[in-house]
Amino acid sequence: MSSAEPGRFFCTAGRGLEPFLAREVRARLGATEVDCVSGKVFFRAAAGPGELRKLRSGERLFLLLKKQSPLPVSRNKGKMLHEIKSLVIEEPKYWLDIISVWRKLHEGKKDDVFRENELALKRKSEEETNIESKRQKTEHVRAVVSEECQVEAGERLSDRECWTESETSSELLSKGSGENQTANEHLGFSFRVSCRCSGAIAKILTSQEIGRTIGIALVKQCGWRADLRDPDLEIFVHLNDIHSVVGIPLFRLPLANREYIKTAGLRSTVAWAMASLAEISAGAFVLDPMCGLGTILLEAAKEWPEACYWGADISDSQLEGADGNIRTAGLMDKIELLQASVKDSQR
């Protein structure tokens, strides 16, 4: 996606971290239309995967497909499920466009699969147009036959002839469906639906019911294959009393997963937020007197590498874990560790 094509995104955040994430997307990505709600930050930015991956205070990052007001709640489950399906289900061309945008942002290893399935989805869209044309012609034939069957004067078609014509029309539609099924068999694109619902809607429907309904509809509409373990595409749906949101995760792993942390301690997003509060500048001396596994120091040294960092802890096991993390991150020349009690520093 080029700088001329800003995309719409949202990122989930831990409780209380939404303001940190909002500030970060503005500062790091030059984001606009930033909107903070509980657990999420919505924004628009012209950024590629490399820039988006640098977000430190977010959990999962999504390409935003739809953000609407909450769905009307009804005691009628069937009506509610119909409303939910209409939120997600679109013509195949819509999903073709979405996948195209997603592929431009996604750094995956399944490019050949995506390309193959884009072509298959395009074929399916064209075939659906042909089937619709056949259906209209069939209805026209049916109408003509019905009218002829009702002619009182002149030479009339027999009931058998009318029945035969209807049977032929049904065969024509069935043939169209058969062609459609063949297209589906060639479509190896896999997906899964992740659904989260809360508030009033959760009292009527479960996340499993909603996810199953959307999944079945997508299989019928697009011919995709459901795969809960290793799908090509995940579709995220969140319904609550504030909004209805549909998105696609940009990366398989959460942003909060740091490849340089060998042994996890404090949540990395929280550690980054705490380090950001220190307003670290170049040449500063930073001490964490109870460093534990060193997560705050790691996040700080990665983000502000021109400062000096020291970590202290009284626990041998914590310092051993911190040393392992520092080595994994390649920050041995940036962070020094020492065994000491915070009480000693107060003397």
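Above this text sits the structure in question.
Calculation rules
- Residues numbered from 1 in each chain as written.
- Predicted model: local features only at pLDDT ≥ 70, side-chain atom pairs only at ≥ 80, totals over all residues.
- Heavy atoms only, no water.
- Pairing = 2+ DSSP bridges.
- Helix = DSSP H or I, 4+ residues; strand = E, 2+ residues; numbered from the N terminus.
- Axes fitted to C-alpha atoms, helices over the stretch in contact; angles between N-to-C directions.
- Contact = heavy atoms within 4.5 Å.
- Expected span 1.5 Å × (residues − 1).
- Buried < 20%, exposed > 50% of the residue type's maximum accessible area, 1.4 Å probe, protein only.
- Arc of directions from axis to C-beta.
- Polar contact = N/O pair within 3.5 Å; in protein donor to acceptor, adjacent residues only side chain to side chain.
- Salt bridge = Lys/Arg side-chain N within 4 Å of Asp/Glu carboxyl O.
- Lys, Arg positive; Asp, Glu negative; His and termini not counted.
- Patch = residues over 30% accessible without salt bridge, like charges linked within 9 Å, V, L, I, M, F, W, Y side chains within 5 Å.
- Areas by Shrake-Rupley, 256 points an atom, 1.4 Å probe, with all protein chains shown as cover.

(A) Structural view of the sheet that holds strand β10 (residues 308-313). Sheet architecture is open: three strands sit in the order β9-β10-β11, paired in parallel fashion. Because the sheet does not close on itself, it has two edges, and the strands there are β9 (285-288) and β11 (335-339). Taken over all neighbouring pairs, the strand axes of this sheet differ in orientation by 20° on average, direction set aside. The strands touched by helix α9 (residues 295-303) within the sheet are β9, β10 and β11, with β10 carrying the most contacts at an inclination of about 175°. In the packing of helix α10 (residues 316-329) onto the sheet, the strands contacted are β10 and β11, and the crossing angle to β11 comes to about 170°.

(B) Molecular detail of the sheet that holds strand β6 (residues 225-226). Spatial strand order, β2-β3-β1-β4-β8-β7-β5-β6: eight strands in an open sheet with mixed pairing. Single-partner strands in this sheet number two, and they are β2 (32-37) and β6. Direction of pairing for strand β1 (residues 7-12) relative to strand β3 (residues 40-45): antiparallel, over a ladder of six bridges. Of the residues in β3, the one forming a bridge with Phe 9 is Phe 43. Across the sheet, helix α7 (residues 207-222) lies against β5 (190-197) and β7 (233-239), angled at about 150° from β5, the strand it touches most.

(C) Highlighting helix α3 (residues 77-88). Between its terminal C-alpha atoms α3 stretches 17 Å, which fits the 16 Å expected from 12 residues at 1.5 Å a residue. Along α3, the residues classified as buried are Met 80, Leu 81, Ile 84, Leu 87 and Val 88. Projected onto a plane normal to the axis of α3, the buried residues spread over an arc of 110° and lie on a single side. Away from its buried face by more than 90 degrees, α3 exposes Lys 79 and His 82. With a side-chain oxygen positioned 3.0 Å from the backbone nitrogen of Gly 78, the residue opening α3 is Asn 76.

(D) Summary view of helix α8 (residues 268-277). Counting buried positions over the 10 residues of α8 gives seven, a clear majority of the element. Buried within α8 are the following residues: Ser 268, Thr 269, Ala 271, Trp 272, Ala 273, Ala 275 and Ser 276. A positive phi of about 50° marks Glu 279, the residue just after α8.

(E) The arrangement of the pattern of salt bridges in detail. Under the defined criterion, the tally for this structure stands at 12 salt bridges. A salt bridge links Glu 59 to Arg 267, with the nearest nitrogen and oxygen atoms 2.4 Å apart. Of this pair, Glu 59 sits in the loop between α2 (49-52) and β4 (61-68) while Arg 267 sits in the loop between β8 (244-249) and α8, and the two are 208 residues apart along the sequence. Asp 227 serves as the salt-bridge partner of Arg 225, at 3.8 Å between the closest nitrogen and oxygen. With a relative accessible area of 42%, Arg 225 lands in the partly exposed category. Via salt bridges that share partners, Glu 24, Arg 28 and Glu 303 belong to a single interconnected network.

(F) Main features of the side chain of Lys 40. Structurally, Lys 40 is set in strand β3. For the buried residue Lys 40, which engages in no salt bridge, the nearest side chain bearing the opposite charge is Glu 18, 9.2 Å off. In this structure, Lys 40 is in contact with Phe 10, Cys 11, Thr 12, Glu 18, Asp 35, His 238 and His 243, ignoring residues within four places of it in sequence.

(G) Examining a nonpolar patch on the surface more closely. Residues Phe 285, Leu 287, Trp 310 and Leu 338 make up a contiguous nonpolar surface patch of about 390 Å² in total accessible area. Position of Leu 287 among the secondary structure elements: in strand β9.

(H) A look at the environment of Asp 316. Along the chain, Asp 316 turns up in helix α10. A relative accessible area of 54% places Asp 316 in the exposed class. Through-space distance from the C-alpha of Asp 316 to that of Gly 292 is 9.7 Å; in sequence the pair is 24 residues apart.

(I) Broad picture of unusual backbone geometry. Phi angles above zero are rare outside glycine, and Glu 33 is one such case at about 50°. Tracing the backbone through its elements, the reader meets Glu 33 in strand β2. Although it is not a glycine, Glu 279 adopts a positive phi angle of roughly 50°. Mapping Glu 279 onto the fold places it in the loop between α8 and β9. By relative accessible area, Glu 279 is classed as exposed at 69%.

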